[in-house]
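# Results of the structural survey
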Amino acid sequence: MSPVIPLTAARSRLSGPADPELRPEDRDRRLGEALLATGTLSPQALATAFSDHSRMDVGLGELLLAHGEITGDALGEARSQQYDAGHADFQNFPPDPRLIDVIGAARCLRQGLLPWRRVAGGTLIATHRPEHFAAESRTLPADLHPAIMVLCSEEELHRTLLQQRGHHLAQAAEFRVSPDESCRFWYAAGPRAAVVAFLAVLLVTALVAPLALLAALTLWTVGWMVLGTALKLTAALVQARALRQRPEPDIPTIARLPVVSILVPLYRETEIMARLIERLSRLDYPRALLDICLVTEADDILTREMLHRTHLPRWMRCVTVPAGTLKTKPRALNFALDFCRGSIVGVYDAEDAPAPDQIRKVVDHFHSRGADVASVQGVLDFYNTDTNWLSRCFTIEYAGWFRVILPGMARMGLPVPLGGTTLFFRRTALEALGGWDAHNVTEDADLGLRLARHGYRTEFLDSITEEEANCRAWPWVRQRSRWLKGYAMTWASHMRNPARLWRQLGGWGFAGMQVLFLGTLSQFAFAPLLWSFWGLMLGFGHPLAGILPSGGMTVLVGLFVAAELVNLGVGAFGLSRAGKLRLLAWLPTLHVYFPLASMASYNALWEMASRPFFWDKTRHGLFEPPQADPDAEEIIAKVHAQLHPDDAVVSRQEKAQRRRGEGAPRTRSRYGS
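One structure accompanies this document, and this report is about it. (Residues numbered from 1 in each chain as written. Predicted model: local features only at pLDDT ≥ 70, side-chain atom pairs only at ≥ 80, totals over all residues. Heavy atoms only, no water.)

Strand order in the open sheet formed by eight strands is S6-S5-S4-S7-S10-S9-S11-S8, with mixed pairing between adjacent strands. Each edge of the open sheet carries a strand with a single partner, namely strand S6 (316-321) and strand S8 (353-354). As defined by bridge partners, strand S5 (residues 290-297) adjoins S6 across six bridges and the pair is classed as parallel. By the bridge assignment for S6, Cys 293 is matched with Arg 317. (Pairing = 2+ DSSP bridges. Helix = DSSP H or I, 4+ residues; strand = E, 2+ residues; numbered from the N terminus.)

Compared with an ideal rise of 1.5 Å per residue, which puts 21 residues at 30 Å, helix H8 (residues 154-174) spans 25 Å between its outermost C-alpha atoms and falls more than 12% short. The principal kink in H8, of about 85°, is found at Arg 165. Three or more residues of H8 are buried, namely Glu 154, Leu 157, His 158, Thr 160, Leu 161, Gln 164, Arg 165, Gly 166, Leu 169, Ala 170, Ala 173 and Glu 174. Taken together, the buried residues of H8 touch helix H5 (97-103), helix H6 (105-111), strand S1 (113-119), strand S2 (122-127), S6 and helix H13 (329-337). (Expected span 1.5 Å × (residues − 1). Bend = angle between axes of the 7 residues up to and from the residue. Buried < 20%, exposed > 50% of the residue type's maximum accessible area, 1.4 Å probe, protein only. Contact = heavy atoms within 4.5 Å.)

Let us look at the sheet that holds S2. The strand order S1-S2-S3 describes an open sheet built from three strands, whose pairing is mixed. The open sheet terminates on both sides in strands that have one partner only, identified here as S1 and strand S3 (147-151). Recorded for the sheet is a direction-independent mean angle of 30° between the axes of neighbouring strands. Bridge count between S2 and S3: five bridges; the pairing is parallel. What sits directly across from Thr 123, in S3, is Ala 147. (Axes fitted to C-alpha atoms, helices over the stretch in contact; angles between N-to-C directions.)

Scanning the entire structure with this criterion turns up 19 aromatic pairs. Relative to Phe 517, the ring of Tyr 487 has its centre 4.7 Å away and its plane inclined at 40°; by these criteria the two rings are tilted. You can see Tyr 487 sitting in helix H18 (residues 473-494) and its partner Phe 517 sitting in helix H19 (residues 498-525), a full 30 residues away along the chain. The rings of Phe 382, Trp 389, Phe 394, Tyr 398, Phe 402, Trp 476, Phe 524, Tyr 593 and Phe 594 are connected pair by pair, giving a single aromatic cluster. One Lys or Arg, Arg 287, reaches over the ring of Trp 315 and ends 4.4 Å from the middle of that ring. Taking NZ or CZ as reference, Arg 496 lies 4.2 Å from the ring centre of Phe 185, over its face. (Phe/Tyr/Trp six-rings, centres within 6.5 Å; stacked < 30°, edge-to-face > 60°. Lys NZ or Arg CZ within 6 Å of the ring centre and 35° of its normal.)

Turning to unusual backbone geometry, a few remarks are in order. With an omega of -5°, the peptide bond running from His 145 to Pro 146 counts as cis. Not every positive phi belongs to a glycine, and Asp 84 is a case in point at roughly 55°. Structurally, Asp 84 is set in the loop between helix H4 (72-83) and H5. The phi angle at Arg 268 is positive, at roughly 55°, despite the residue not being glycine.

So, in C-alpha cells, the structure goes:
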C-alpha cells in the first residue's frame, strides 16, 4: 500500500490530482497501464475486463476486484501512482469529526469523500473514487477549500465514518421521513388516548343501546364488504384482460448495466444463514454489479459473529446498525441505504429464495419504463406450501393477493401496499421520499402509499421469490396482528390531512385507499357480526331480523354469498397463475382461515394503545424447502461448516427438531418478515 501523504509536503499538492479532467476511458487506460507495469495484471485479463467494462456502469478497478484479478492493495498502489496521491492513515491519524460535520456523514457516504485533516493551508479529503474527486470537490463548502485528495478504500471510509459519526447516521435513520407523513406522531398520548376512547364509546353504547349499535356496525361492515368485493372483482377482471393482451415488445438493449444493491435485514437469523448465502449465490446478475448488504443490529452478537467467521464474496458485505432508541426493520433499511452502491435498491427477507434471473428482469423492467415507475414488486410464493392446512391457506391467499388483486389495482391506477420483500426501487425516488418510515411496523404498505402521493407508480414483475410460510397458528396471529396494526397506523397517519391526501391521490386514488385500508380493518374487526347471519341458514334467529325491511335478510345473505364467490374466484385465478391448482379443494376452508385475522385485529387494537412501535418478529428456518439443485445440499454443508466449525455435521434428529421449532429459544424482537 502506498504511504500516507507526508503532511509537510501537502502544500505541493494543493492543485489536486494530476489528471482531474481526463475522459473516463483515458482514466481507465492509465489505470490499466499502471497495473500492467507492475506485473499485477496480464494483458489478456485487462482486455477481458475492458470488454466487460464497456457494458457495465462500474469502474474498471471495481470490476477487476470483483473478477478476482487484483487485490485491494494492488488497486490502491496503482491509483496512488495514477493520481500522484498518498493513502490516508485513519488508524494513526483519526479524522477531525468537526470537518466531517461540515458536510455531514450522509453526504460523505453518497459522494465517497471524507474530510480528514487541515494541513498546509488546505484540507485533506480522502476518497475511494478518485475519478470523481475533481467534480465532487467543486461542490464542497468554501470552508474545505482548497481540497487536497488522498486515497482510501471504500471499506476504510465506511469503517471510519461509523466510528466517528455512526450514532449520527443511526439517529438520522429514525427521522428520514417527513413528520407530516410519518406515524411517529403516535409517540404523543393523544392518538393512543383516541383508540382507548373509541373502544370505551363502543362499550358504553353496547350497554345503553345494544340493538342500535349492532345495526349500525352491521351496516358499516356490510358496506365495506360490498366495496371491498367490488374492488377485488374489478381488479381480477382488469388483470385477466391484461394477461389476454399481446405480450409487450422486446426491451431495447441496455447500453451499460447498472449496479444493483440488495438490502437483507437480519436479526437472530443464524438458523438459516447458510441457506441464505447459498440462495443469494444463485443470482446470475454480473457479480461486479451486484451489491448485497447483510444488515445486522449491533446487539445481535451471534449473527454478527457468524458472519464475521464466514468468508463472504466481495459482492456481499455486512452493514451493522448502531444501537438506538428504536429497533425496527425500516430503521435498519434507512441506515443501510446510505451505504449502498447501486442506482437500483432492492429488499429481500432472510428466508427468501429468489428466482436466479430476477435481478436481470428488474433491470430490464426499469429500463423499459419512464422515471415515474419508481418501484417494481415481484411475486411472493412459498416453498413449504404442503406443510399443513395453514400453509396451504396462506399460499392460496398470497396467490390471489400478489398475482391478481395487487397487479389489478396497479393497472387501475390505485395506490398499492407494497410487500416487504422482492421489492425494488429507483434509488433517486426512494431517497426523495426519505426512504422508509422507521416507526411504521408495515413500512412496505406505507411506502407504497407515499409513492402514490408523490406521483410515482408501482408495477408488478412476473418473477417469483419463494419464502417460508408462517404456518403455526399463534405465530401467524401475531404476524397478522403486526400487519393490521401497521395498516391502522398508516391510515391514521395519512388521514391527518384528508384534503391534501385527496389532492395528491385524486378522488379515485383516495377512494381506493379508504377501501383498502379502512375497509380491510373494518371487515376483520367486525367480521363476527357478519358470521352471525350464517346461522339463519341453519334455522337460528337473529337480533336484527325484526327491524330489517321486508326482503332485507334475503339481500344480506345474497351479498354474503356473492362476496364468498368472488373470494373463491380470485383464489382460483391466483392458483391457476401459480400453477398450484391442486390446492383448489382447500379453497372453501378459507372461510375458517380468515377468522384468525379477526383475532389478530383485536390484538392490533390493544397494541396501538399500549406499544405502537413494537415489532413482533417472525421466526424463520423452521421448515426447510426441498432442493431442486442436486448440488445445493453440498453447498449448504460447506457454508454450514464455515459458520459452525465445531458442529460441521448436523444430525437428522437436530434437523427434525428445527422443523418442529424445537431446540432453539423463542425470540421476541422488533423486526422480521
